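Secondary and tertiary structure notes
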Amino acid sequence: MKISSWNVNSVRARITNILNYLKTSKPDILLIQEIKTEEKNFPFSDFTNLGYESHIFGQKSYNGVAFLSKINIDKIDLKFFKDKNNQSRIIVGNIKNKSKIITLINIYVPNGNPIGTEKYEYKKYWYNSFIKEIRKTLEKNKNIIIGGDFNVIPEEIDVYDYKKYENDALFKLEIRKKFRELINLGFQDIYRHFNKDVQEYTFWDYMAGSWQKNYGMRIDHFLVSNNLLDNIKNVNIDKKPRSKIKPSDHTPIELELN
């Protein structure tokens, strides 16, 4: 089973690239973030034509998350925790892999910039609320995969020049500690688990030739509960979609289960 995650930065603006990715990469499930549309404007039929069922939690012009899936996802939950800002940032469902029921969680964490503002406070609140809910979820099911845009650069190796980001909400120590707190509940940052010292990115800004210069950062992640580590065959960052015409500024990260 192949599960991919991709912040598409507008599902309608990137529809051609998304459909091409589904045709060539053939994930069983694609988690998408920042779909930037309400349900009524979501391109369901484009995905149905390729055999994908869509489960979405949309919002007009901003945020929004969705599952595109060839396999059954049940117990879809759009209210994982009460978001004080009522933003569409998390969708949860259950999938079956052999005899295991896996809780699959697709997230789009607030960016939080600039620090010292309400946006930064909201990011801290969001992480605290999410961590609290994950604790409860682990009591019910130890098999959890969290994927999405975490808007956190975990370590110095995960950005082209960490010194530039010391006062950025993506690399602020306080936020990195939240990411670590989440991992310490019983997860592995699965990309780093398989690639100890590799410097690879999932995001390149549109500005100043960042893609061409490889001025990137790794902010899109899969966290896999320790219970499932033996089920993970491979993890990969597919850079090809970032080089296409009208690309998202993010690229997919892919997880393969036995």
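Our subject is the structure listed above.
Residues numbered from 1 in each chain as written. Predicted model: local features only at pLDDT ≥ 70, side-chain atom pairs only at ≥ 80, totals over all residues. Heavy atoms only, no water.

**Some words on the packing of aromatic side chains**
Enumeration according to the criterion identifies 14 aromatic pairs in this entry. Where tryptophan 126 meets phenylalanine 130, the ring centres are 5.3 Å apart and the plane angle is 25 degrees; that geometry is what we call stacked. With tryptophan 126 and phenylalanine 130 both in helix H3 (residues 118–140) and four residues apart, this pair spans about one turn of that helix. Accessibility assignment for this pair places tryptophan 126 and phenylalanine 130 in one class, buried. Members of the aromatic cluster, connected to one another through ring pairs, are Phe80, Phe81, Trp126, Tyr127 and Phe130. Against the face of tyrosine 125 rests lysine 84, its NZ or CZ located 4.6 Å from the ring centre. Over the face of the ring belonging to phenylalanine 171 we find arginine 176, whose NZ or CZ atom lies 4.1 Å from the ring centre. (Phe/Tyr/Trp six-rings, centres within 6.5 Å; stacked < 30°, edge-to-face > 60°. Helix = DSSP H or I, 4+ residues; strand = E, 2+ residues; numbered from the N terminus. Buried < 20%, exposed > 50% of the residue type's maximum accessible area, 1.4 Å probe, protein only. Lys NZ or Arg CZ within 6 Å of the ring centre and 35° of its normal.)

**A look at the sheet that holds strand S1 (residues 2–7)**
What the six strands build is an open sheet, ordered S3-S4-S2-S1-S14-S13; its pairing is mixed. Every interior strand has two partners, whereas the edge strands, strand S3 (53–57) and strand S13 (232–237), have only one. Across the sheet, the axes of successive neighbouring strands diverge by a mean angle of 15 degrees, strand direction being ignored. (Pairing = 2+ DSSP bridges. Axes fitted to C-alpha atoms, helices over the stretch in contact; angles between N-to-C directions.)

**Looking at the sheet that holds strand S7 (residues 100–108)**
Read across the sheet, six strands follow the order S5-S6-S7-S8-S12-S9 without closing on themselves; strand pairing throughout is mixed. The outermost strands of the open sheet, each flanked by one partner alone, are strand S5 (74–77) and strand S9 (187–189). Between one strand and the next, the sheet's axes are offset by a mean angle of 20 degrees, whatever the strand orientation. Across the sheet, H3 touches strand S6 (90–97), S7, strand S8 (144–149) and S9, and the angle it forms with S7 is around 175 degrees. (Contact = heavy atoms within 4.5 Å.)

**Thoughts on the pairing of S7**
Extensive coverage of S7 is indicated by the burial of seven of its nine residues. Between S6 and S7, which follow one another and run antiparallel, lie two residues, and lysine 98 among them has a positive phi close to 55 degrees. In this sheet, S8 lies alongside S7 in parallel orientation, the contact comprising six bridges. Following the sheet pairing, threonine 103 is matched in S8 by isoleucine 144. Tracing the backbone out of S7, into H3 and back to the parallel element S8 gives a crossover that is right-handed. (Right-handed = clockwise from strand over helix to strand, strands pointing away.)

**So, the nonpolar core**
In terms of nonpolar packing, the biggest core is built from 26 residues, with Ile105, Ile107, Phe130, Ile134, Ile146 and Phe150 touching the most fellow members. Secondary structure elements with two or more residues in this core: S6, S7, H3, S8 and helix H4 (173–183). Among the elements that take part in this core, H3 stands out by supplying eight residues, more than any other. In this view, isoleucine 105 contacts Leu31, Phe80, Ile90, Ile91, Val92, Phe130, Ile134, Ile144, Ile145, Ile146 and Gly147; residues no more than four positions away in its chain are not counted. One finds Ile190, Val224, Leu228 and Ile237 within the second-largest nonpolar core, a separate group that totals 25 residues. (Core = buried A, V, L, I, M, F, W, Y, C linked by side-chain atoms within 4.5 Å.)

**What about the side chain of asparagine 17?**
Here asparagine 17 lies in helix H1 (residues 15–25). The class of asparagine 17 is buried, set by a relative accessible area of 11%. Separated by 3.1 Å, the side chain of asparagine 17 and the backbone oxygen of isoleucine 245 make a polar contact. Apart from residues no more than four positions distant in its own chain, asparagine 17 is found in contact with Trp6, Lys244, Ile245, Lys246 and Pro247. (Polar contact = N/O pair within 3.5 Å; in protein donor to acceptor, adjacent residues only side chain to side chain.)

**Side note on H4**
Residues of H4 that are buried include every one of Ile175, Arg176, Lys178, Phe179, Leu182 and Ile183, and no others. Projected down its long axis, H4 shows its buried positions confined to an angular sector of 150 degrees, all on one face. Exposed positions of H4 whose direction lies more than 90 degrees from the buried face are Leu173 and Lys177. Those residues of H4 that are buried lie in contact with H3, S9 and strand S12 (220–225). (Arc of directions from axis to C-beta.)

Read these as geometric descriptors, not functional statements.
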